[in-house]
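This is what each chain is made of:
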Amino acid sequence: MPNKKAGTEPADNEKIKDLSINTETADGQFMTTNHGVRINDDQNSLKAGPRGATLLEDFIFREKMTHFDHERIPERIVHARGSAAHGVFKLFKPLGEFTKAGFLNDTEIETPVFVRFSTVAGSRGSSDLARDVRGFAVKFYTQEGNFDLVGNNMPVFFIQDSIKFPDVIHAVKPEPHNEIPQAASAHDTFWDFVSQNTESTHMIMWAMSDRALPRSFRMMEGFGVHTFRLVNAEGVACFVKFHWKPLLGVHSVAWDEAQNISGKDADFHRRDLYDAIENGDFPEWEFGVQIVPEEDEHKYEFDLLDPTKLIPEELVPVMRIGKMTLNRNPDNFFAETEQVAFHIGHIVPGIDFTNDPLLQGRLFSYTDTQLSRLGGPNFHEIPINRPIAPVHNNQRDGIHRMTINKGKSSYNPNTTGGGCPFQAGKMDGGFTSYAEKIDANKIRERSPSFFDHFSQATLFFNSQSDPEKNHMVDALRFELGKVETEAIRLRMLMVLNQVDKGLAAQVAYGLGMHIPETPELINLSIPADADPLSYQPVKKEGSLTESPALSMANTIKDSIRTRKIAILAADGVMEAELTTVKNSLLAQGAMVDVIAPRLGTITGATSTQITVDKSLLTVASVLYDAVYVPGGANSVATLEAEADAIHFLNEAYKHCKAIAATGDALQVLEATYFAKKLPEDNSDATVMREGVIIGTDAGNVAKQFIAAIAQHRFWEREKPRKIPA
Ligand code: HDD
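Nothing here was measured: the structure is a model prediction, and the numbers come from that model.

## Some remarks on the packing of helix α2 (residues 165-172) against helix α3 (residues 188-196)
Between α2 and α3, the least distance of the axes is 6 Å, while the angle of their chain directions is 145°. In contact with D167, V168, A171 and V172 of α2, α3 contributes T189, F190 and F193. Along the lines of polarity and charge, the residues of the contact of α2 with α3 split into 5 nonpolar, 1 polar and 1 charged.

Okay, here's the thing in structure tokens:
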């Protein structure tokens, strides 16, 4: 079946619908057993008299209960907590020079996609806001079969060889004796592992950065991590790294905020994705590639096959070639989000693997895990996993087989089935592996080109803005502060000292510790009898000391689309001010909630009834990007005396969000802890300082407020003007 052409209704994996039943439109249908027998009462079990024992004969009860008892399947061993959406991928720059993959050549087709975002360490029911890597897995249903890009929101990984994967995951998961802590790396076993496994150092820098606390899945970058290969129609190959660039920019929340959100709304990211799609604010990413010609394989001071290294965008720019739009929420969480099975080995002709030892091991793990998670070898028949390309082969039977293969031929070669299915030659689009030349000894060893564990960790740290660096220091103080074994903390300080002496010193200060005078180089990959210095990277031409692309401070900050803004109001609010600011925000695509001490409506100063969206009790400032307080004597008096409203504002200030007030609402701000940090100029002019906007002209305030929200956060006020909240 061809992919849908642009201009028709959103492309879709139509086969998903084959078995679907819409409970909302199944009007007039009788309730039945799973075998089609109409049920006349499913609320009372069959009993020996109204007060008697339940009878074993009750097949209606037994069937309902048995199905229920088996409703849960094992959660994913990692990435258990996830949220997903359907969408489309549209190419705008054909890549024929580099790959023959059809979906990367034809700008006319819309390729359906299904994307699942996730955290890594937590269980299915854990909070979205854990400090963690985020999974970013994309299934492209291309005409030539499914291509799964199973990536993360960070471009590197903790380990270089997948044989270590069980170790790093055991270390980060809750400790086995007491199953504590949930969805958190801040504990002994994780840092014990990391401090002895210095190849993790670069990834640790990312995990301790704000990237680990996304504001939204819609505001995260995605990375394929490994270096893959592209192969063109002539059989010429090049190396490639895949990127997703969010059109809303890359934004994060503060750590204190993240912890609060986990309590106030553990589904914050899931809800955000779902709501945005329901509102028609379809999340969008551009798809990018970094191409490295084969002959440049050894040009860089890092090894392209080493998954703990990135290719700085300043060295190899990201070429944007297409756009992905997520435009439909799943109909059923279990059927789609839970049962989707991604696999790094699902590739299509024109894309191929490299010898990255992390990638190679993943090729085994993904099918293996689905066998136990989804119960057998036929998980490709689950609707969400079915390709839109036709499937014909001689695989048969097994648990949960859905396909009914007709005829007697299930082997190749055959004449009983007319020789079908035929193997596809090269001209028919048959997949052929890239003919890489291999001539090697079998060994269990790491290439010395993988031994530099610190240069890019330092590059990442150096590339951050001051607030981002401060957050990393705080994150490390927090995480290591939770580590109970002093020797582990000490070892980590020695590791950090090799990344940046200032960073290590600041973390050490927070921990009340000293870094040993002569830190040893801990690097278990280097042979024990070798001189560590002999494994330091040789600086090559073009080596960088900073990569601005790595800092979120340099992200796009030009829009407030889909940002959530709170308006605090009570009876007596000045409707004109509220409406002016609210309408200006809505016109820019923001989402606005009027929040009052109670639900229902409030009565404005000129008696208008204003609908209240949320009560102060059910929300918190951590669930919003900015807050505005309109004037009006009674409203101001109520809010001034309302502890939850003052707390709301204090928290918004503490988390560096934009805050606006018009007219006499300045009085409400004066009841906060940050009052004395407000601009002194109290004249009619609209004043904006570090994201706090005060003025009498609601139109002017709205304009400046919008500019401030687009900046996302005013991190520069965080350290010098810290307040309690
Ligand atoms: Fe993995 C799931 C991403 C290394 C083994 N992985 C999984 C998911 C993502 C990633 C996004 C969730 C897919 C979904 O939403 O269903 N994994 C990565 C990245 C890695 C990585 C970016 C490094 C570059 N993974 C990795 C290694 C192994 C695994 C080295 C084992 C050798 N990953 C798995 C798994 C999972 C998985 C156990 C659990 C559930 C699943 O596969 O379907 O097989």
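After that view of the structure, there is still more to cover.
## Remarks on the coordination of the iron atom of the ligand
Looking at the protein side alone, the iron atom of the ligand has one donor only, Y366 (OH), at 1.9 Å. Note that Y366 resides in helix α8 (residues 357-373).

## Regarding the nonpolar core
Core analysis: the biggest nonpolar cluster contains 52 residues, and F158, W191, M205, L496, L503 and V507 have the highest contact counts within it. Contributing elements (two or more residues each) for this core: α2, α3, α4 (201-207), α9 (455-462), α10 (466-481), α11 (486-499) and α12 (501-511). Apart from the residues lying within four places of it in its own chain, the contact partners of M205 are A457, F460, M472, L496, V499 and L503. Grouped together as the second largest cluster of nonpolar side chains are 39 residues, L95, L230, F242 and I277 included.

## Brief notes about α2
Looking only at α2, the buried set comprises V168, I169, A171 and V172. On an axial view of α2, the arc spanned by its buried residues comes to 160°, and they lie on one face. Buried residues along α2 sit against α3.

## Considering the pairing of strand β6 (residues 228-231)
Here β6 shows two buried faces, one formed by F228 and L230 and the other by R229 and V231. Where β6 and strand β7 (residues 237-246) come together, 4 bridges link them in antiparallel fashion. Paired with F228 across the bridge in β7 is V240. Taking the residues that link successive antiparallel strands as the turn, the β6-β7 hairpin has 5 residues, and the phi of G235 there is positive, at about 85°. In this structure, β6 lies alongside strand β10 (residues 351-352), joined through 2 bridges in antiparallel fashion. Each bridged residue has a counterpart across the sheet, and for L230 the counterpart in β10 is I351.

## Comments concerning the pairing of strand β16 (residues 626-629)
The side-chain alternation of β16 yields two buried faces, one formed by A626 and Y628 and the other by V627 and V629. By the bridge criterion, 3 bridges tie strand β11 (residues 564-568) to β16 in an arrangement that is parallel. Paired with I567 across the bridge in β16 is Y628. In terms of strand pairing, β16 meets strand β17 (residues 658-662) through 4 bridges, oriented parallel. The partner of V627 across the bridge, within β17, is I659.

Conventions and cut-offs
- Residues numbered from 1 in each chain as written.
- Predicted model: local features only at pLDDT ≥ 70, side-chain atom pairs only at ≥ 80, totals over all residues.
- Heavy atoms only, no water.
- Axes fitted to C-alpha atoms, helices over the stretch in contact; angles between N-to-C directions.
- Helix = DSSP H or I, 4+ residues; strand = E, 2+ residues; numbered from the N terminus.
- Contact = heavy atoms within 4.5 Å.
- Nonpolar A, V, L, I, M, F, W, Y, C, P; charged D, E, K, R; others polar.
- Donors = N, O, S within 2.8 Å, 3.2 Å for Na, K, Ca; no water.
- Core = buried A, V, L, I, M, F, W, Y, C linked by side-chain atoms within 4.5 Å.
- Buried < 20%, exposed > 50% of the residue type's maximum accessible area, 1.4 Å probe, protein only.
- Arc of directions from axis to C-beta.
- Pairing = 2+ DSSP bridges.

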